Amino acid sequence: MLNPKRTVAELKELRSLTGDENGAQRVAFTPTWAKARKFLREKVANISGAEIHNDAAGNFWATLAGKSEKALLIGGHIDSVPNGGWLDGCLNTLAGVEILRRIAEQFKGKPPVTVRLVDWCDEEGARFGKSLFGSSACSGKIDMNETRKLKDKDGIRLVEAVKEHGIDFEKVKDSGKELKNAAAYIELHIEQGPVLLDLNLPLGTVLGTFGVERHAITFRGQAAHSGSTPMNRRRDAFLAAAKMASEIYEIAKRSGGGVCTIGSCTTKPGIVTSVVEECRITLDQRHLDAKALQRMLDEAKSAGQKFAKEGNVDVSWERIWNIEPILFNNQLIEFCDQSIRETGAKPHRLPSGPLHDAAEVARAGVPTVMMFVQSLHGISHNKIEDTKEEHLELAVTAFDKLADKAMVWISGRGD
Ligand SMILES: [Zn+2]
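Criteria and thresholds
- Residues numbered from 1 in each chain as written.
- Predicted model: local features only at pLDDT ≥ 70, side-chain atom pairs only at ≥ 80, totals over all residues.
- Heavy atoms only, no water.
- Helix = DSSP H or I, 4+ residues; strand = E, 2+ residues; numbered from the N terminus.
- Expected span 1.5 Å × (residues − 1).
- Buried < 20%, exposed > 50% of the residue type's maximum accessible area, 1.4 Å probe, protein only.
- Arc of directions from axis to C-beta.
- Donors = N, O, S within 2.8 Å, 3.2 Å for Na, K, Ca; no water.
- Contact = heavy atoms within 4.5 Å.
- Polar contact = N/O pair within 3.5 Å; in protein donor to acceptor, adjacent residues only side chain to side chain.
- Salt bridge = Lys/Arg side-chain N within 4 Å of Asp/Glu carboxyl O.

Caption draft 1: Layout of helix 2 (residues 31-45). Relative to the 21 Å expected for 15 residues at 1.5 Å per residue, helix 2 spans 21 Å between its end C-alpha atoms, a close match to the ideal helical length. Every buried residue of helix 2 is accounted for by Trp33, Ala36, Arg37, Phe39, Leu40, Lys43 and Val44. In a view along the axis of helix 2, the buried residues occupy a sector of 155°, so they form one face of it. Every exposed residue of helix 2 that faces more than 90 degrees away from the buried side is listed here: Pro31, Lys38 and Ala45.

Listed below in structure tokens is the structure:
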């Protein structure tokens, strides 16, 4: 029988094993992460009939072979950021363990479809600065050339660090074969934001992950003495950049659900006695709708032109990174709503701002959905990250119902 209280107890067990007074310390490819993985392996080893292995990218798989090879995948990540929260990622994994137990017991080790738990390797990218290592290797979307060059702050190469954990970097894409019979992927996660909290709802259905457009914008004017240059003779690069700050709020407001952030600003010469010659800002824009995201970018570009013209400065754009919005599966979204409703809660649909492993699985073509549970304070990646225990238990219960619906769906599908 499903025992959501056991999941909460195991989360606390994991916290005391791998956290300290500053929070969770399960950074991937560190000894504490290895300890967390050992803890997970021991829990899963007690489930009768579960086959356990790590794939070529270091993702941990526990498989209950079913009557059909078609598989329901339940995913999470036990790694954390340094000084992280006690729930981010591991709630997903440990809820998955509990569901695997329930299914193994109910079907005497042979469910109608294959059920697999995956603990993704290095979701956070905290040590090497690139997230979704294991899931992007599995989806085949990992940028091998870029990832091969990564080093941590001590100059240790990712390639060397992963080797210590049994991973041959050049072979990580071999993990893709794990998705061969994948028929659906579900993932439970804390929201990490304030939306469900503000609505006073415990659970939500995730529609997909935001597309992202990330650019550096450089305005170029002319350095000039701050005393001798009259205000009407200035070509002030900072002034043009500063106008962008309030404009992006208008752009976001018009976009219907998008967000925009200017996250950094550097000036040259950057001294107190000179008009700014060069001002570089970064702009991060996110939206669930690809067309709306493009519109936000277009509007930002024309605003930049306008402000540059007004201030008699030049402007140039450089794309830092982008990813398209990734939409989850409509049928699974429906099942997720139903599962939430069956626990007595009111479902609410929302996009995910952060990227998740689920996005990589969806990109690989596997029908996917995520369920969110409310975050207290709307905060994550911080030791104060928390969720009410009753909500955690409710989440495990609802997520288990989703697993059931997905299994029935998979076995009824002719593909
Ligand atoms: Zn996470």
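Caption draft 2: Quick peek at the coordination of the zinc ion. Taken together, the protein ligands of the zinc ion are His77 (NE2), Asp88 (OD) and His189 (NE2), with distances of 2.0 to 2.2 Å. Sequence positions of the residues that donate to the zinc ion give the spacing H-x10-D-x100-H. Taken as a pair, histidine 77 in the loop between strand 5 (68-76) and helix 3 (90-106) and histidine 189 in strand 7 (residues 182-190) lie far apart in primary sequence, 112 residues in all. Here the two residues histidine 77 and histidine 189 agree in accessibility, since each one is buried.

Caption draft 3: Inspection of the environment of glutamine 25 at higher detail. In this fold, glutamine 25 is placed in the loop between strand 2 (23-24) and helix 2. Put simply, glutamine 25 and serine 80 are 55 residues apart on the chain and 6.4 Å apart in space, counted from C-alpha to C-alpha. Filtering out sequence-adjacent residues up to four positions away, glutamine 25 remains in contact with Thr18, Gly19, Asp20, Thr30, Thr32, Ser80, Pro82 and Asn83. A polar contact of 3.0 Å, which involves the side chain of glutamine 25, links it to the side chain of aspartate 20.

Caption draft 4: Here's a closer look at the pattern of salt bridges. Within the structure shown, the criterion is met by 32 salt bridges. Here glutamate 98 makes a salt bridge to arginine 6, at a shortest N to O gap of 2.9 Å. One end of the pair, glutamate 98, is in helix 3; the other, arginine 6, is in helix 1 (residues 4-18), with 92 residues separating them in the sequence. Overall, the relative accessible area of 0% leaves glutamate 98 in the buried class. The salt bridge involving aspartate 119 is made with arginine 37; its shortest N-O contact spans 2.6 Å. Here aspartate 119, found in strand 6 (residues 113-119), pairs with arginine 37, found in helix 2; they are 82 residues apart in sequence, far enough to count as distant. A single burial state applies to aspartate 119 and to arginine 37, both of which are buried. Where salt bridges share partners, they join Arg6, Glu10, Glu13, Lys43, Glu98 and Arg101 into one cluster.

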